[in-house]
Amino acid sequence: MGDRLIIEGGRPLSGEVEISGAKNAALPILFACLLVDGKTVLYNVPELRDISSTRHILRKLGCGFERRADGAIEVEVVDAKRYTAPYELVSTMRASVWTMGPLLAHRGRAKVSKPGGCVIGARPIDLHLRGLKALGADIEETHGYIDLSAKKLRGAEIYLGGPFGSSVGATANTLMAATLAEGTTVIEHAACEPEIADLANFLAAMGAKIEGIGTPRLVIDGVDRLLGTEYTVIPDRIETGTYLIAGAMSGDGITLKNTAPDHLRAVIAIMQQTGALIDEEPGGTMRVSPPPGPPQSVDVATLPYPGFPTDMQAQFMAYMATADGMSVITEKIYPDRFMHIMELNRLGAKIRKEGNSAIIEGRAKYSGAEVMASDLRASAALVLAGIAGEGKTIVNRIYHLERGYERLAEKLTSLGAKITRD
Ligand code: EPZ
């Protein structure tokens, strides 16, 4: 099969869709398996390219990694002597920097290829290194690798705030390492994202002692070892939000199953301000229908959780381009995460960038064209515009979508969209 999606737009969506497990929770949880003695069984791990990349890296680092017939993933460390995450694997996925904390804490050494630039921005890892250094790591940077070593990590008080607020990645790395450090670690300005809370709950299920889960102050009392456990990953809030927008843009209502609405309060509130109708039912079911009239324009700034997520910015922009008036979306996490503007404009949107804001004129009628996906969420925005528009949209490089949306084309097809892969 090829690397593009062909969308015949203008078909209304209806029916029911099952939300998958959260990619960005499953990834750190899988890397945390490097900390464990024994076997870990994980449920609700989505089948995605980023998860296959993680399988390659964990196998390279001496782990067994199998997906069972029932969909659960089993990870078991069989050779705890390896400590190198090489360039050819790290370069396929930035999240591989999450090998640093666990390898350092459990094996005393981590040699990890430095991640390169990224289409959504510079994405430095200075805060990751600040956290691990505070725990006692010696750090050398040579030949494109970061080489970290420590005989024994020691608990410390660490402030992890950066120029854009808290860091999901740095919090995860420091938290994982601190679980096996000697003594108490306090992480101030920790990321509060549900994916970090899920990682912390998973670590606690394995025997880690962590207080303040879900808050900006994590207190970790180091333990000698963590033991294998069974754990279910939370639903993907960004996938949920993407389908909420799909349901608000076309058709007369869709139902989303297996969601965690509490993780989406900002998105739900802002969608409601646009006029979209959203109902929650017990058991994680949500229903969304388009606004009764044209969507109202709403200004949004992306912020760390519980603010509006940067990972929903592109999809929301695709929606706001059709709103009844002008809106401004300000990106406060990745000021350059706007590659989708030009492609949305090719589909008929009228959006311009000013600094770290996008000024969206509104009242666009999308009309199909050939476009290029630049990153995961930008690609999702193009698909949303293609579904809502008239005519044929061809989204090239859907490789990006496969990194983070489980069976996107199949799920949208089951809701009535006409999408084929070519
Ligand atoms: C995670 O990236 C997610 N990735 C991203 O999702 C998400 O956009 C981001 O968090 C913010 O929510 C995964 O979970 C795999 P950060 P991460 O460290 O951890 C700056 C997607 O589409 N910073 O919270 O890399 C950084 O440049 C992906 O699924 C430093 O300055 O994000 C950014 O401006 C894309 N120094 C801000 O902090 C550092 O050492 C937040 O980044 C680390 C980060």
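Coordinates for the structure precede this section.
What counts and what doesn't
- Residues numbered from 1 in each chain as written.
- Predicted model: local features only at pLDDT ≥ 70, side-chain atom pairs only at ≥ 80, totals over all residues.
- Heavy atoms only, no water.
- Helix = DSSP H or I, 4+ residues; strand = E, 2+ residues; numbered from the N terminus.
- Rg over C-alpha atoms; globule rule 2.2 N^0.38 Å.
- Contact = heavy atoms within 4.5 Å.
- Areas by Shrake-Rupley, 256 points an atom, 1.4 Å probe, with all protein chains shown as cover.
- Buried < 20%, exposed > 50% of the residue type's maximum accessible area, 1.4 Å probe, protein only.
- Salt bridge = Lys/Arg side-chain N within 4 Å of Asp/Glu carboxyl O.

S.K.: Is there a simple way to explain the overall build of the protein chain in this structure?
M.R.: Assigned secondary structure in the protein chain consists of 14 helices and 26 strands. For 422 residues, the compact-globule estimate of 2.2 N^0.38 gives 22 Å, and the protein chain sits close to it at 21 Å. Its C-alpha atoms give the protein chain principal-axis dimensions of about 60 × 45 × 45 Å. Long-range pairs, those at least 24 residues apart, make up 73% of the contacts in the protein chain with a sequence separation of at least 6. Counting every atom, the protein chain has about 16400 Å² of accessible surface; 49% of that belongs to carbon and sulfur.

S.K.: Just to check I follow, could you spell out helix H9 (residues 265–273) for this structure?
M.R.: Spacing of three or four residues puts side chains on the same side of an α-helix, whose turn is 3.6 residues. When H9 is considered as a whole, its buried residues turn out to be Ala266, Val267, Ile268, Ile270 and Met271. At the C-terminal side of H9, Gly275 shows a positive phi close to 105°.

S.K.: Teacher, can you tell me more about unusual backbone geometry here?
M.R.: With the exception of glycine, the majority of residues adopt a negative phi angle, and the majority of peptide bonds are in the trans configuration. With an omega of 10°, the peptide bond between Tyr305 and Pro306 qualifies as cis. Checked against the element boundaries, Pro306 lands in the loop between strand S20 (300–301) and helix H10 (313–320). Its identity as a non-glycine residue notwithstanding, Arg363 has a phi of 60°, on the positive side.

S.K.: What is the right way to read the environment of Glu16 from this model?
M.R.: Inspection of the secondary structure puts Glu16 in strand S2 (residues 15–18). Taking the C-alpha atoms as reference points, Glu16 and Gly253, separated by 237 residues in sequence, lie 9.3 Å from one another. Discounting residues that sit within four places of it in the chain, Glu16 has contacts with Thr255, Lys257, Ser414 and Leu415.

S.K.: Is there a simple way to think about the environment of His128 in this case?
M.R.: By secondary structure assignment, the location of His128 is in helix H5 (residues 126–134). Classification of His128 by relative accessible area gives buried; the value is 7%. Through-space distance from the C-alpha of His128 to that of Ser52 is 24 Å; in sequence the pair is 76 residues apart. Once residues lying within four places of it in the same chain are set aside, the contact partners of His128 are Val97, Trp98, Met100, Ser167, Gly169, Ala170 and Asn173.

S.K.: Mind showing me how you'd approach the side chain of Ser327 here?
M.R.: Take Ser327: it is sitting in strand S21 (residues 327–330). Excluding residues that lie within four positions of it along the chain, Ser327 makes contacts with Ser297, Val298, Asp299, Met320, Ala358, Ile359 and Ile360.

S.K.: What is the right way to read the pattern of salt bridges from this model?
M.R.: When the charged atoms of two side chains lie near each other, side chains of opposite charge can form a pair. Counted under the stated rule, the structure contains 25 salt bridges. Note that Glu280 is salt-bridged to Arg265, the shortest N-O span being 2.7 Å. Residue Glu280 is found in strand S18 (residues 277–281), and its partner Arg265 is found in helix H9; the two are separated by 15 residues along the sequence. Here Arg265 falls in the partly exposed class, since its relative accessible area comes to 38%. Linking Glu402 and Arg421 is a salt bridge whose minimum nitrogen-to-oxygen distance equals 2.5 Å. Of the two residues, Glu402 sits in helix H13 (residues 399–404) while Arg421 sits in strand S26 (residues 418–421), which places them 19 residues apart along the sequence. The exposure class assigned to Arg421 is partly exposed, which follows from its relative accessible area of 32%. In the salt-bridge network here, residues are joined through shared partners; they are Lys39, Arg68, Asp70 and Glu74.

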